[in-house]
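Coordinate inspection notes
Single-letter residue listing:
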Amino acid sequence: MNGRWAAIAAVTCALALVVGCGGDDESSSSGSGGVKAPEGQKAMSELGKGEGQVNLVAWAGYVEDGSTDPKVDWVSDFEKETGCQVNVKIGNTSDEMVTLMRSGQYDGVSASGDATLRLIAGGDVAPVNTELIPNYADVFDALKDQPWNTVDGQEYGVPHGRGANLLMWRDDKVSPAPDSWGAVFDENSPYKGKVTAYDNPIYIADAALYLKATQPDLGIDNVYELDDKQFTAAVDLLKKQRGIIGEYWSDYTKEQAAFTSGDSVVGTTWQVIANLLEADKVPIKTVLPKEGATGWSDTWMISSKAKNPNCMYMWMNHIISPKANAAVAEWFGEAPSNKKACAETAVKDHCDIFHAEDEDYFSQVAYWTTPVKDCGDDRGETCKDYSEWVQAWTEIKG
Amino acid sequence: MAATATAEAPRNSAGRRLAGFLWRRPKLSLGLLLAGPIGWLVIAYLGSLAVLFAASFWHLDTFSGQVVRGFGLDNFQTLVTQDVYRSIVLRTVLIAAAVTVTDAILAFPIAFFMAKLASTRTRALLVIAVVMPLWSSYLVKVYSWRIILAEDGILNWALDPFGLSGPGFGNVATWLVFSYLWLPYMILPVYAALERIPDSLLDASGDLGGGAGMTFRRVVLPLALPGVVAGSIFTFSLTLGDYITPQIVSSTQFIGNVVYQNVGVANNLPLAAAFATVPVMIMILYLLVARRLGAFESL
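Model, not experiment: these values are computed from the prediction.

Bringing the overall build of chain A into the picture now. Summing up its helical and strand segments, chain A has 15 helices and 14 strands in all. C-alpha extents for chain A along the principal axes are approximately 65 × 50 × 40 Å. By the burial criterion, 59% of the 398 residues in chain A qualify as buried. Here the contacts in chain A between residues at least 6 apart in sequence split such that 74% fall between residues at least 24 apart. Split by element, the accessible area of chain A, about 15,400 Å² in all, is 50% carbon and sulfur. The average position of the 34 basic charges and that of the 61 acidic charges among the side chains of chain A differ by 4 Å.

What follows is the structure in structure tokens.
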């Protein structure tokens, strides 16, 4: 643990104390909730020659070769340099990505935290030897060796980028400016019918995050490890919230349209949506509320059945290289994972806008991860797993 | 002449022999003709339904999240015991019924005008006008409605001077959009049914002293009813199975949304399959009733 890491831990601890929960140092590293990787998996020890191609599963906007927009291209150079032809299959949800990876036809995937553990536990991805990836050294320390990309000290991928889910409001319609998630959970909100929320079971964690701060007696520590009592409280809160929701948003264009037209005036958002709205001169403001926020951190992983492992390693090195990492972070609207990427962005203050180097900012972020039955602490296997989250979400929407 | 004939005969002989062979066996040739379509129906249509039905008895292993292929009624128990699923089924069926009734009321006058009153030229124009919306993309139409119904949309702008405001995004919006989307599917069968009613019957009713209302109730409606029921099969089943429109113009959940959520997000195929059998059952009942009302002769 180097000095910086210790500082982050200290900040996390201080925050935990402020919001009045008895978390300790161990809690963050137990996030993998007892996930076991299959035995006998070996990381590659030596990089060979490229196989001539690589097959990827990725989020839309993560692998661009200029066919979407001629100016947006960080693939062609890679293909020229390495001779690895890049083929990409877009995954629309984390679950689709897991299914695609299980087919064994792909070499690698850009997985979010709510997919990585499932892939590791299922033996679908192989450990990664980060020594074969020179650019890994420049990745922010706070992204390395995290519960969603590392199991038992073994890395399973390279961090791609991260972002936080923020609270956004229409500055001309909401006053005073909110600084708490209470703005979207208050049953008597003056903005009833104009409140929005993210239409996904993982949003239950946002309610848990708010309860963690406002109802300390529930003893919520990790918002993805909820036992029966905590889970019920979060679901009840969301059922009450249903009454003031105008509409939920599931893709970013829907929220963009709703805030532009004024159908939604306050709710959770991604940085990229806020940027798009600001570009359209919609008077919106965002804040990372005082309770903290949920967020996401994506990881490039290599399939355990990869047919083109050398090209995949080269790709993992390329996508976190300063230039490519800067390009993808700007195109998608997220914080890059490579420290040196900040000097390469076209918009000079990109890293400031997305808080790439602001560890205080990200220490308040609870990254998405897959809820599993094992709570990862002395509560044992009493936590709600993801399928129960999904069923609860159906009930909440009614 | 004779030389050319003998030169051509061998070229066709194989095909001719086959033709002759099939001509002598009409049952075989009919079987070969229908093998494709029937094979498609049995394997692709009924086969997928059978797989769906089988999958609805499986369950999810809570630890690994993998599907366990064993018999069990857990899914159906969940569906019956949890109120939320019942209210989703009820909502879906009610909106589908409301859409059907709305479309029937809107379609009848248009269809009647097209079939009985319009000149040939106007009729052709009207048929094109009715079919025209089907040429444009479903998504474009639904998103246009989103713009119409939005807070700063055209509907609120038009209603504002009267101190009113539109329904916003919700159940009413879904009902409106579905009614718009499926209207052509109602107009066409009703039009076909009305066109088949001979004008002489209407004249006869008049001659016997039947007024306009009486003629409509006792002559036109009974004869056109199979057409209305045929159209209602489309409007009802299309609404019942849709999940995209509710997602775009509201946050209400239809049966389809829950199925989608369970397959796509939760990977819980068995529960999705169990819930998907509900609209299948509803449609089977609906079609049985429709058959009694003679709808299939009007399709």
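Here the narrative resumes, following the displayed structure.
This part is about the overall build of chain B. The secondary structure content of chain B amounts to 13 helices and two strands. Judged by the C-alpha coordinates and their principal axes, chain B covers about 90 × 75 × 40 Å. Each of the 299 residues in chain B was classed as buried or not, and the buried ones make up 38%. In chain B, the share of contacts with a sequence separation of at least 24, taken over all contacts with a separation of at least 6, comes to 71%. In the structure as shown, chain B presents an accessible area of about 17,200 Å², 71% of it carried by carbon and sulfur atoms. Of the charged side chains in chain B, 19 are positive and 14 negative; the average position of the first set lies 17 Å away from that of the second.

Further remarks concern the interface of chain A and chain B. With 30 residues of chain A at the interface, the matching set in chain B holds 29 residues. Here chain A meets chain B over a buried area of about 2,400 Å², counting both sides, of which 43% is carbon and sulfur. In terms of surface lost to chain B, no three residues of chain A exceed Q391(A), T394(A) and G398(A), which account for 21% of the buried area on that side. Here chain A and chain B share two salt bridges between them. Here K194(A) makes a salt bridge to E151(B), at a shortest N to O gap of 3.1 Å. For the interface between chain A and chain B, the tally reads eight residue pairs in polar contact (both at pLDDT 80 or more). Put simply, the parts of the chain that give the side of chain A that touches chain B at least two residues each are α4 (94-102), β9 (245-249), α9 (252-261) and α15 (386-397) of chain A.

So, on to the pairing of strand β3 (residues 108-111) of chain A. Residues and elements named next belong to chain A. Here β3 shows two buried faces, one formed by G108 and S110 and the other by V109 and A111. In terms of strand pairing, strand β1 (residues 53-58) meets β3 through two bridges, oriented parallel. From the neighbouring strand, V57 faces β3, where its bridge partner is V109.

As a further point, take the nonpolar core. Residues V63(A), F185(A), I204(A), V266(A), W300(A), W315(A) and M316(A) are the most contacted members of the largest nonpolar core, which totals 119 residues. Beyond its immediate chain neighbours, meaning those up to four positions away, F185(A) contacts Y203(A), D206(A), A207(A), Y210(A), L237(A), L238(A) and Q241(A). Of all hydrophobic cores here, the second largest spans 23 residues; its members include I88(B), V89(B), F236(B) and L271(B).

On to the side chain of N149(A). Residues and elements named next belong to chain A. Mapped onto the elements of the fold, N149 is located in the loop between β4 (125-126) and β5 (150-151). Here Q146 takes part through its backbone nitrogen, which lies 2.9 Å from a polar atom of the side chain of N149. Of note is the side chain of N149, whose polar atom sits 2.8 Å from the side chain of T150. What N149 contacts, discounting residues up to four positions off in sequence, is L143, K144, Q154, E155, Y156, G157, P159 and T299.

Nonpolar side chains collect at one region of the surface, where L30(B), L33(B), L34(B), I38(B), W40(B), L41(B), V42(B), I43(B), Y45(B), L46(B) and L49(B) lie side by side and expose about 1,200 Å² of accessible area between them. Along the chain, L49(B) turns up in helix α2 (residues 26-55).

The predicted model of chain A averages 85 in pLDDT, with 91% of residues at 70 or higher. Contacts from residues 6-33 of chain A, a stretch scored under 50 in pLDDT, to residues over four places away or in other chains number 31 contacts.

A few words on the environment of T253(A). With respect to the secondary-structure elements, T253(A) resides in helix α9. For the pair T253(A) and I273(A), spaced 20 residues apart in the sequence, the C-alpha separation amounts to 8.0 Å.

For the rest of this paragraph, the subject is the state of the cysteines. All names here are of chain A. Using the criterion set out here, one finds three disulfides over all chains in the structure. Two residues, C84 and C311, share a disulfide whose sulfurs are 1.9 Å apart. Measuring handedness by torsion sign, the sulfur bridge of C84 and C311 sits at about -85 degrees and is left-handed. Remark: C311 occurs in helix α11 (residues 309-319) and C84 occurs in the loop between α3 (76-82) and β2 (85-90); sequence separation between them is 227 residues. With respect to class, C84 is no different from C311; both count as buried. One disulfide in the model links C375 with C383; its S-S distance is 2.0 Å. Linking C375 and C383, the disulfide has an S-S dihedral of approximately 115 degrees and is accordingly described as right-handed. The burial state of C375 is the same as that of C383; both residues are buried.

Moving on: the packing of aromatic side chains. All names here are of chain A. Across all of its chains, the model carries 26 aromatic pairs over all chains by this definition. Taking 5.9 Å as the distance between ring centres and 10 degrees as the angle between the ring planes, the aromatic pair formed by Y198 and W368 counts as stacked. One end of the pair, Y198, is in strand β8 (residues 195-198); the other, W368, is in the loop between β14 (365-367) and α15, with 170 residues separating them in the sequence. On the basis of relative accessibility, which here comes to 8%, the residue W368 falls in the buried class. Measuring from centroid to centroid gives 5.7 Å for W300 and W315, while their planes differ by 80 degrees, and the two rings are edge-to-face. In this pair, W300 is assigned in strand β12 (residues 293-303) and W315 in helix α11, connecting sequence segments 15 residues apart. Exposure remark for W300: the relative accessible area of 0% places this residue in the buried category. Judged by relative accessible area, which is 0%, W315 ranks as buried.

Rules used throughout
For every chain, the first residue of its written sequence is number 1, and the numbers climb from 1 along that sequence. Labels are handed out in written order, letters beginning with A for the chains and numbers beginning with 1 for the ligands. Two thresholds apply to this predicted model, a pLDDT of at least 70 for residue-level local features and 80 or more for giving and counting side-chain atom pairs, whereas whole-chain, interface and lining totals are computed over all residues. Calculation of side-chain values draws on the structure's entire complement of heavy atoms; hydrogens and water are dropped beforehand. Only DSSP runs of H or I covering at least 4 residues are called helices, and only runs of E covering at least 2 are called strands; the numbering of each starts at the N terminus. Partly exposed describes any residue whose relative accessible area lies between the buried limit of under 20% and the exposed limit of over 50%, with all areas from a 1.4 Å probe on protein chains only and scaled to the type maximum. Residue contacts are defined here by distance: any two heavy atoms, one from each residue, within 4.5 Å place the two residues in contact. Using a 1.4 Å probe, the Shrake-Rupley method yields the accessible areas, and only the shown protein chains count as cover for residues. All tallies of charge rest on Lys and Arg as positive and Asp and Glu as negative; His and the ends of each chain are not included. Lys charges are placed at NZ, Arg charges at CZ, Asp charges at CG and Glu charges at CD. Defined here as a combined quantity, buried area equals the accessible surface (1.4 Å probe) lost by two parts on assembly, summed across both. Here a salt bridge means any side-chain nitrogen of Lys or Arg lying within 4 Å of a carboxyl oxygen belonging to Asp or Glu. For the purposes of these results, a polar contact is taken to be a pair of N or O atoms within 3.5 Å, where, inside protein, one atom must be able to donate a hydrogen and its partner to accept one; residues adjacent in sequence count only when each atom of the pair is a side-chain atom. Paired strands are those between which DSSP finds at least two bridges. Nonpolar cores are built from buried Ala, Val, Leu, Ile, Met, Phe, Trp, Tyr and Cys residues. Side-chain atoms within 4.5 Å join them into one set. Patch members must show over 30% relative accessible area and no salt bridge, and they are joined within 9 Å when carrying like charges or within 5 Å when they are nonpolar side chains of Val, Leu, Ile, Met, Phe, Trp or Tyr. The quantity called pLDDT is the predictor's confidence in a given residue, expressed from 0 to 100. Cysteine sulfur atoms that pair up within 2.5 Å are treated as a disulfide. Here the aromatic set is Phe, Tyr and Trp, taking the six-membered ring for Trp, and pairing holds for ring centres within 6.5 Å; pairs whose planes are under 30 degrees apart are stacked, those over 60 apart are edge-to-face, and all others are tilted.

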